[in-house]
Amino acid sequence: MAGRVEAAPERVRIFDTTLRDGEQAPGFSMDTAAKLQMAACLRELGADVIEAGFAAASPGDFEAVRAVAAAVEGPTICSLARANEADITAAARALAPAKAKRIHVFLGTSPIHRQAKLRMEKEAVLEAIETNVRFACEAADEVEFSAEDALRTEPEFLAQALETAIAAGATTINVPDTVGYTTPDEIFRIFSYLKATVRGVEGVTLSAHCHDDLGLAVANSLAAVQAGARQVECTVNGIGERAGNCAVEELVMAIATRADLFGVETSVNRRMIGPASRLLCELTGQPVAANKAIVGANAFAHEAGIHQHGVLSDPRTYEIMRPCEVGMGESRLVLGKHSGRHALRKRALALGFELHDNQLAVACQEVKRFADTARSIADADLLRILSRLAARHEEAGHV
Ligand code: KIV
Ligand code: ZN
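Residues numbered from 1 in each chain as written. Chains lettered and ligands numbered in written order. Predicted model: local features only at pLDDT ≥ 70, side-chain atom pairs only at ≥ 80, totals over all residues. Heavy atoms only, no water.

Within the chain, the regular secondary structure consists of 15 helices and twelve strands. Overall, the C-alpha framework of the chain stretches about 90 × 60 × 50 Å when taken along its three principal axes. Evaluated residue by residue, the chain yields a buried proportion of 52% over its 399 residues. Taking the intrachain contacts of the chain between residues at least 6 apart in sequence as the baseline, contacts between residues at least 24 apart amount to 72%. As displayed, the chain offers around 18,600 Å² of accessible surface, 52% of which is attributable to carbon and sulfur atoms. Charged side chains of the chain number 42 positive and 53 negative; the gap between the two group centres comes to 5 Å. (Helix = DSSP H or I, 4+ residues; strand = E, 2+ residues; numbered from the N terminus. Buried < 20%, exposed > 50% of the residue type's maximum accessible area, 1.4 Å probe, protein only. Contact = heavy atoms within 4.5 Å. Areas by Shrake-Rupley, 256 points an atom, 1.4 Å probe, with all protein chains shown as cover. Lys, Arg positive; Asp, Glu negative; His and termini not counted. Charge placed at Lys NZ, Arg CZ, Asp CG, Glu CD.)

Let's shift gears to the packing of aromatic side chains. Going through the model one piece at a time under the given rule, you end up with one aromatic pair. Taking the centre distance of 6.4 Å and the plane angle of 75° together, the rings of F54 and F106 count as edge-to-face. With a gap of 52 residues between them, F54 in the loop between β3 (49-53) and α2 (59-71) and F106 in strand β5 (residues 101-108) connect regions that are remote in the sequence. Here F54 and F106 have matching classes, each one buried. (Phe/Tyr/Trp six-rings, centres within 6.5 Å; stacked < 30°, edge-to-face > 60°.)

Across the five residues that make up β3, a large majority, five, are buried. Alignment of strand β2 (residues 13-16) against β3, held across two bridges, turns out to be parallel. Directly across from D16, in β3, lies its bridge partner I50. The parallel pair β3 and strand β4 (residues 76-82), bridged by α2, forms a crossover whose chirality is right-handed. (Pairing = 2+ DSSP bridges. Right-handed = clockwise from strand over helix to strand, strands pointing away.)

Moving on, we get to the nonpolar core. Counting 99 residues, the largest nonpolar core has I77, I103, F145, L162, I173, V175 and F191 as the members making the most contacts within it. Broken down by element, this core gets its largest block of residues, eight residues, from helix α6 (residues 155-168). Within the second largest apolar cluster, 18 residues are counted, among which are L333, L335, V367 and L389. (Core = buried A, V, L, I, M, F, W, Y, C linked by side-chain atoms within 4.5 Å.)

Okay, the sheet that holds β2 next. Taken in spatial order, the eight strands line up as β2-β3-β4-β5-β6-β7-β8-β9 and close into a barrel, and their pairing is parallel. Within the sheet, the average angular offset between the axes of one strand and its neighbour, ignoring direction, is 25°. Where strand β6 (residues 142-148) lies against strand β7 (residues 172-177), three bridges are found, and the strand directions are parallel. Looking at the pairing, S146 lines up with N174 of β7. Set on the sheet, helix α4 (residues 111-118) makes contact with β5 and β6; between it and β5 the angle comes to about 85°. Seen against the sheet, α6 touches β6 and β7 and runs at an angle of roughly 150° to β7. (Axes fitted to C-alpha atoms, helices over the stretch in contact; angles between N-to-C directions.)

Let us now look at the site of ligand 1. Ligand 1 sits among R20, D21, L80, H104, F106, S146, E148, N174, P176, T178, H209 and H211. The separation between an oxygen atom of ligand 1 and a polar side-chain atom of D21 is 3.0 Å. Expressed as a share of its isolated accessible area of 260 Å², the protein-covered part of ligand 1 is 94%. Within the residue set of the shell around ligand 1, elements represented by two or more residues are β5, β6 and β7. Its residues placed into classes, the shell around ligand 1 shows three nonpolar, six polar and three charged. (Near = heavy atom within 4 Å. Polar contact = N/O pair within 3.5 Å; in protein donor to acceptor, adjacent residues only side chain to side chain. Nonpolar A, V, L, I, M, F, W, Y, C, P; charged D, E, K, R; others polar.)

This brings us to the pairing of strand β9 (residues 231-234). Of the two faces of β9, the one holding Q231 and E233 and the one holding V232 and C234 are both buried throughout. Each parallel crossover has a hand, and the one from strand β8 (residues 205-210) via helix α8 (residues 217-226) to β9 is right-handed.

One pass over the full model with this rule turns up 29 salt bridges. For R270, the salt bridge goes to E325, with nearest N and O atoms at 3.5 Å. Of this pair, R270 sits in the loop between β10 (264-265) and α11 (273-284) while E325 sits in the loop between α12 (305-313) and β12 (332-333); the two residues are 55 residues apart in sequence, bridging distant segments of the chain. Look at R270 and you get partly exposed, because its relative accessible area is 32%. Across the pair R322 and E319 runs a salt bridge, and its minimum N-O distance is 3.4 Å. When its relative accessible area of 6% is taken as the criterion, E319 is described as buried. Three or more residues are tied together by salt bridges with common partners; here these are R20, D21 and E51. (Salt bridge = Lys/Arg side-chain N within 4 Å of Asp/Glu carboxyl O.)

This next bit is on the packing of helix α1 (residues 32-45) against α11. At their nearest, the axes of α1 and α11 sit 10 Å apart, and the two run at 170° to each other. In terms of axis orientation, α1 runs roughly antiparallel to α11. When α1 is examined against α11, the residues A34, Q37, M38, C41 and L45 are found in contact with a partner set consisting of I273, A276, L279, L280 and L283. Tallied by class, residues from the contact of α1 with α11 come to nine nonpolar, one polar and no charged. (Parallel < 35°, antiparallel > 145°, perpendicular 65-115°, else oblique.)

What follows is about helix α14 (residues 357-371). Between its first and last C-alpha atoms α14 spans 21 Å; for 15 residues at 1.5 Å apiece the expected length is 21 Å, and the two agree. Buried within α14 we find Q359, L360, A363, C364, E366, V367 and A371. On its buried face, α14 sits against α13 (341-350) and α15 (379-395). (Expected span 1.5 Å × (residues − 1).)

In short, the description is geometric, and any link to function would need to be established separately.
And the structure:
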């Protein structure tokens, strides 16, 4: 009897916008050389699409998009463009050297964007989408349309806008939470509604682009995936406008670690997560917080004695993923006032001191006393404490 064939998990495409939305954040701008280095790293990371910049924004950004388009093969290279001919033409010219190219056209659809920023009626917005998506389709292999501020747009009008973009030729439809306003339940409902009502939606890729103003960008992106999004726009270290975008490392590791819940996969090479994060910090001079998920210095560090004992017995007691799996080296047992004997014995041994139980008890007291006044204990501090204890031990006539 033939066995049951399991369907392969569906793939969620990673659209990396570190070099566009990410670099729009104050303090994160990158020149062409930096973008080229980062783009090569994003290719190694396995990004499906690299948004290299906004060609019409400045001559430097045009140059950077063109340089990435010429140098990076494999992923699709993309440039952002407002819904006008000049922007789309600049994007097309910058992308010309790329093997696979995508123009990303966007236009605001929410009432506040229509009234306060664009001063356009609904009809004019639909007309601009139709004309400009059609124009972009003549200039690039692929066109993505984003309804800016989609999550604050009237759902019926949003559906109409997306239907117009699909009819004009867009093959990726992005539904951005531009201001980080939505919640997981709400975005799930909106994506489900769009999947059920937008004509032509079955022939395109639905995409999520979530900002982190309420700290919900990753949770919202995952909820969109659960409702059928098959592209997520993210950035390394979660950089981006204001509080940032969905962090690629968090999204990818949530999908991988909770495959039982999400049932999808990405093509990201997870071992490149740490190197990509570190390269971005180096290029921008902006560090990540120590407690940042996946890539922070403390993401795999343990100071509490109970945790250290657990991790030494079996890392799965306090770690849901291995640091080496994400290019973050080894778990770290940090000595401090909360740490315990097991970690101290191991660290002392690595420094050449084999401690018997009574010596370990004394060393532990000394370490805690020192830790009460210092934030952390470096190897040099520990060496000093252990050497002093060893000398005292010898003086007392022990060998
Ligand atoms: O946040 C946003 O709406 C954007 C669009 C340009 C996609 O970045
Ligand atoms: Zn954005």
